[in-house]
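Each chain, written out:
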Amino acid sequence: MFQPPLPPEYSRLSDVEAVDRIQAAKRTLGERVVILGHHYQRDETIRHADFRGDSYKLAKDGAAQEKAEFIVFCGVHFMAESADILSGGRQKVILPNLSAGCSMADMASIHQVRACWRALERLGVGSDVVPVTYINSAASLKSFVGEHGGAVCTSSNCAKVLKWALAQGEKILFFPDQHLGRNTALAMGFDESQMVIWDPLATEENGGETAERLRDAKFILWKGHCSVHGRFNVRQIEYARERYPDVRVIVHPECRREVVEAADDSGSTEKIQRVVRDAPNGSKWAVGTEINLVNRLAHEEKANDKLVFCLDPIVCPCSTMYRIAPANLLWVLESLVRGEIVNQITVPPDVASNALLALDRMLTIAG
Ligand code: 13P
Ligand code: SF4
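No experiment lies behind these values; they were computed from the predicted model shown. (Residues numbered from 1 in each chain as written. Chains lettered and ligands numbered in written order. Predicted model: local features only at pLDDT ≥ 70, side-chain atom pairs only at ≥ 80, totals over all residues. Heavy atoms only, no water.)

Draft legend 1. Structural detail: the site of ligand 1. With respect to spatial proximity, the complete set of residues near ligand 1 consists of His 38, Tyr 40, Asp 54, Ser 55, Tyr 134, Asn 136, Ser 155, His 229, His 252, Glu 254, Ser 268 and Thr 269. Contact distances for ligand 1 include 3.5 Å between an oxygen atom and a side-chain N or O atom of Tyr 40. Side-chain polar atom of Thr 269 to an oxygen atom of ligand 1: 2.6 Å apart, as the coordinates give it. For ligand 1, the protein covers 96% of the area, taking 300 Å² as the surface of the free molecule. Partitioned by chemical class, the residues of the shell around ligand 1 number 2 nonpolar, 8 polar and 2 charged. (Near = heavy atom within 4 Å. Polar contact = N/O pair within 3.5 Å; in protein donor to acceptor, adjacent residues only side chain to side chain. Areas by Shrake-Rupley, 256 points an atom, 1.4 Å probe, with all protein chains shown as cover. Nonpolar A, V, L, I, M, F, W, Y, C, P; charged D, E, K, R; others polar.)

Draft legend 2. Broad picture of the layout of surface pockets. Roughly 330 Å³ of volume is contained in the largest pocket. Forming the walls of the largest pocket are 27 residues, and the residues nearest its centre are Tyr 40, Cys 102, Asn 136, Cys 226 and Cys 318. Partitioning the lining of the largest pocket into residue classes produces 12 nonpolar, 13 polar and 2 charged. (1 Å grid on protein atoms, 1.4 Å probe; cavity = no way out; pocket = protein on both sides within 12 Å on 5 of 7 lines; lining within 4 Å. Points joined across faces, edges and corners; volume = space filled by probe spheres on them.)

Draft legend 3. Geometry of the sheet that holds strand 7 (residues 171-175). Spatially, the 5 strands line up as an open sheet ordered 6-5-7-9-8, and their pairing is parallel. Only two strands of the sheet have a single partner each, and these edge strands are strand 6 (151-153) and strand 8 (195-198). Here the strands of the sheet are splayed against their neighbours by 25 degrees on average, with no regard to which way each runs. By the bridge criterion, 3 bridges tie strand 7 to strand 9 (residues 219-222) in an arrangement that is parallel. Paired with Leu 173 across the bridge in strand 9 is Ile 220. (Pairing = 2+ DSSP bridges. Helix = DSSP H or I, 4+ residues; strand = E, 2+ residues; numbered from the N terminus. Axes fitted to C-alpha atoms, helices over the stretch in contact; angles between N-to-C directions.)

Draft legend 4. Broad picture of the packing of aromatic side chains. Enumeration over the complete set of coordinates arrives at 4 aromatic pairs. Ring geometry for Tyr 244 and Phe 309: centres 5.5 Å apart, planes at 45 degrees, overall tilted. Residue Tyr 244 is located in the loop between helix 11 (234-243) and strand 10 (248-251), and its partner Phe 309 is located in strand 13 (residues 307-310); the two are separated by 65 residues in the primary sequence. We note that Tyr 244, like Phe 309, is buried. It is Arg 42 that lies over the ring of Tyr 322; its NZ or CZ is 3.8 Å from the centre. (Phe/Tyr/Trp six-rings, centres within 6.5 Å; stacked < 30°, edge-to-face > 60°. Buried < 20%, exposed > 50% of the residue type's maximum accessible area, 1.4 Å probe, protein only. Lys NZ or Arg CZ within 6 Å of the ring centre and 35° of its normal.)

On their own, these measurements won't tell you what the molecule is for.
See below:
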């Protein structure tokens, strides 16, 4: 989505100038507003969050809000959409920058997913397939999944959701992140030979796969990926181990298979933080995820004599998460103080009802 320029009063504001005004607006709004912040948000923004978390925790935190009228989501578009669906209209959800999307979520459109489904039906396997969508996807995809008996998952509950899905049907269509699907299925004991890739951009029919392989596969993995996590590689892990022989390596499951296999552990952003925080003082950690999280963890854990660094020395931040600047947050909060709602994210009711089914299934499965 496109974010029109902020009014000049906000666009010229420095991060430091915004701090006091954000706090003042929060005080004025009191319990009417709750701010959620994903771990990839920059320090200057996340410091104002009432709740921090990975995608799963924030979905639950948002859903648990009873008193607040407004949820301001410092994250990306699919997170705000999920919060709106889960709020059932009780809260108004606001995304401080409309252009904060997710490039991976954009790799699967509802038209492409429907075309894939039609192809699977033509091959005679439609009724065997349970669709599972990573939460990093548009509401329309969640709705499709809900309508077709599937569920949403996040990186923290993917194995539980896949296990559930395999109890509902013979095979899984997993979108949009092939790596999370593959890494989780491998960790569950499946073999890569049981997985095929569906390429939505393939010029050949059937997503570039043969009919036979699609019929035989247990997992049909959508050809999508995260460009931030795609930057991590095995050589970086080898280099970290050469430099610090006692280093532990932990990466996000959106990384490629060989990276996850070369690491000591993998998990959601919440898990990464927990594992590093719970580790003995003096330990060393090479982390394969977004740089704002890693830098914050490194700073916090310095006091415990831990060395925490990013596997990729020149890694860029997630550019879309970075779009929630303090000035954007201030603008939406001061607008609320003036009685004006800007940047509200609303999912149309006909989409939201089936999407809620798919999200609720995840919440029930994951607990
Ligand atoms: P988490 O659910 O682990 O926070 O992941 C969200 C995400 O977008 C990772 O790139
Ligand atoms: Fe999307 Fe990757 Fe950014 Fe996560 S890190 S929000 S998957 S682009």
